[in-house]
Amino acid sequence: MAEHDPSYKLLFSHASLVADLIRGFVHEDWVEQLDFSTLQRVTEIGISDDLRERDDDMIWRLRWGERWIYVYLLLEFQSTVDRFMAVRLLTYIGLLYQNLAAAGEIPPGSALPPVLPIVLYNGEKAWWAKTSLDELSEPDLPEPLRRWQPQLRYLLLDEQRLATEAPLGQRNLAAALFQLEGSARAEDIWELVDRLIEWLAEPEQASLDRAFAVWLRRVLLPARVPDAELPNINDLREMRTMLAERVKTWTQVWRKEGYDEGLEKGRETQIRTLRRLLLRRFGALPE
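Residues numbered from 1 in each chain as written. Predicted model: local features only at pLDDT ≥ 70, side-chain atom pairs only at ≥ 80, totals over all residues. Heavy atoms only, no water.

S.K.: Looking at this structure, how should I read the overall build of the protein?
M.R.: Helix and strand counts for the protein come out as 10 helices and five strands. Each of the 287 residues in the protein was classed as buried or not, and the buried ones make up 43%. A sequence separation of at least 24 residues applies to 66% of the contacts in the protein between residues at least 6 apart. Here the protein displays about 16,400 Å² of accessible surface, and carbon together with sulfur accounts for 50% of that area. (Helix = DSSP H or I, 4+ residues; strand = E, 2+ residues; numbered from the N terminus. Buried < 20%, exposed > 50% of the residue type's maximum accessible area, 1.4 Å probe, protein only. Contact = heavy atoms within 4.5 Å. Areas by Shrake-Rupley, 256 points an atom, 1.4 Å probe, with all protein chains shown as cover.)

Here it is as structure tokens:
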């Protein structure tokens, strides 16, 4: 996926997708107490340029009883894992609190509102960085000193590993997005698009329908079939029709690419094996 592709961020600018992300992948009891009808994007409450201009994060809020809870969603498309992600989030959330206070969203004498930091990771390699700031600190600090250290945890959602977590037929928009990204066959994409059409049939979901179509056309399909000429499709019904026409051809292309990739990996394995045998027999080898 293109780094910070705007079509991906456009998907998560829709409340229904963010709601399904929380419902489907934050497995904690308090989530049942959230009022998803109050979910709103935080855009016009005095957030400074330091927060507003970053391409990789989004801030939402919704009611948890009488209180607001803020969801800090960071979209991480880097090919390498950021070891200090917890440090980054400590800075971002500190800025969020400062801006909320300056905008009058934290009345005098009130407690700080809770924040749920979520890192949505899209890389191919599994995420290995610590998800707690405490785990990055010196492990052998004396307890009186340790209690002065800052603390922060974030929820990691590793998309490549989440693609199979929800059943294919479960009605969850975020799960469908992850399954699309992990799809290995053109038929899988067609089936998921068909389900999305059903789920997004209401008029108020037209914008999200269009956002999925744009993301498929701009990001997912070019990654699967790089040389294919894709028509300018802006809704999922047109996308389904186009997929139905091309699914057989694209399946053949993907199978051939998988076969060629397997041959290349086999050649690399043979080279490494031969090199080890030569090193064992003759010692250091000339270039």
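S.K.: Looking at this structure, how should I read helix H2 (residues 15–25)?
M.R.: One turn of the α-helix equals 3.6 residues, which is why residues spaced by three or four share an orientation. Burial of H2 is extensive: eight of the 11 residues sit out of reach of the surface. Every buried residue of H2 is listed here: Leu17, Val18, Ala19, Asp20, Leu21, Ile22, Gly24 and Phe25.

S.K.: Can you help me understand the side chain of aspartate 20 in this one?
M.R.: Residue position: aspartate 20 is located in helix H2. For aspartate 20, a relative accessible area of 7% puts it in the buried group. Within polar-contact distance, the side chain of aspartate 20 engages the side chain of arginine 23 at 3.2 Å. Apart from the residues within four sequence positions on either side, aspartate 20 is in contact with Phe25, Arg171, Asn172, Leu173 and Ala174. (Polar contact = N/O pair within 3.5 Å; in protein donor to acceptor, adjacent residues only side chain to side chain.)

S.K.: Please clarify how the pairing of strand E3 (residues 67–76) should be interpreted in this entry.
M.R.: Of all 10 residues in E3, nine are buried, a share of seventy percent or more. Bridge count between E3 and strand E4 (residues 115–121): seven bridges; the pairing is parallel. Bridging across to E4, tyrosine 72 finds its partner in proline 117. The parallel pair E3 and E4 is bridged by helix H4 (residues 85–102), and the resulting crossover is right-handed. (Pairing = 2+ DSSP bridges. Right-handed = clockwise from strand over helix to strand, strands pointing away.)

S.K.: Is there a simple way to explain the pattern of salt bridges in this structure?
M.R.: A pair can form between side chains of opposite charge whenever their charged atoms are brought close. The final tally for this structure, using the stated rule, is seven salt bridges. Taking the shortest distance from any N to any O, the salt bridge between glutamate 76 and arginine 88 comes out at 3.5 Å. On the criterion of sequence distance, the pair formed by glutamate 76 in strand E3 and arginine 88 in helix H4 is long-range, its members being 12 residues apart. Across the pair, exposure class does not vary: glutamate 76 and arginine 88 are buried alike. (Salt bridge = Lys/Arg side-chain N within 4 Å of Asp/Glu carboxyl O.)

S.K.: Is there a simple way to explain the environment of phenylalanine 12 in this structure?
M.R.: Its place among the elements puts phenylalanine 12 in the loop between helix H1 (6–11) and H2. On the accessibility criterion, phenylalanine 12 (0% relative accessible area) is buried. Distance in space between the C-alpha atoms of phenylalanine 12 and leucine 208 is 9.1 Å, their sequence separation being 196 residues. Residues contacting phenylalanine 12, with those up to four places away along its chain left out, are Leu17, Val18, Leu21, Met58, Trp60, Leu73, Leu75, Leu120 and Leu177.

S.K.: Hey, could you run me through the environment of valine 31 in this one?
M.R.: Here valine 31 shows up in the loop between H2 and strand E1 (34–41). In this structure, the C-alpha to C-alpha distance between valine 31 and tryptophan 64, residues 33 residues apart in sequence, is 8.5 Å. What valine 31 contacts, discounting residues up to four positions off in sequence, is Ile22, Arg23, Val26 and Phe36.

S.K.: I tried to follow the sheet that holds strand E5 (residues 155–158) on my own but got confused; where do I start?
M.R.: Pairing between the strands of a sheet is mediated by backbone hydrogen bonds and can be parallel or antiparallel. One open sheet holds the five strands; their spatial order is E1-E2-E3-E4-E5, and the pairing between them is mixed. Bordering the open sheet on either side are E1 and E5, each of which pairs with just one other strand. With direction set aside, neighbouring strand axes in the sheet form an average angle of 25°. Strands E1, strand E2 (57–64), E3, E4 and E5 of the sheet are contacted by H2, whose axis makes an angle of about 135° with E1. (Axes fitted to C-alpha atoms, helices over the stretch in contact; angles between N-to-C directions.)

S.K.: So what exactly am I meant to see when it comes to the environment of arginine 210 here?
M.R.: Mapped onto the elements, arginine 210 comes out in helix H9 (residues 206–224). Classification of arginine 210 by relative accessible area gives partly exposed; the value is 42%. Sequence separation between arginine 210 and leucine 10 is 200 residues, and the spatial gap between their C-alpha atoms is 10.0 Å.

S.K.: Teacher, can you tell me more about the packing of aromatic side chains here?
M.R.: Aromatic ring pairs are described here by two measures, namely the spacing of the ring centres and the angle between the planes. Summed over all chains, the structure comprises six aromatic pairs. A ring pair is formed by tyrosine 72 and tyrosine 92, whose centres lie 6.0 Å apart and whose planes are at 20°; its orientation type is stacked. Here tyrosine 72 is found in strand E3, whereas its partner tyrosine 92 is found in helix H4, with 20 residues between them in sequence. On the basis of relative accessibility, which here comes to 0%, the residue tyrosine 72 falls in the buried class. One aromatic cluster is present, formed by Tyr8, Phe12 and Trp215 through successive ring pairs. Sitting above the plane of the phenylalanine 36 ring, arginine 23 keeps its charged end 4.2 Å from the centroid. (Phe/Tyr/Trp six-rings, centres within 6.5 Å; stacked < 30°, edge-to-face > 60°. Lys NZ or Arg CZ within 6 Å of the ring centre and 35° of its normal.)

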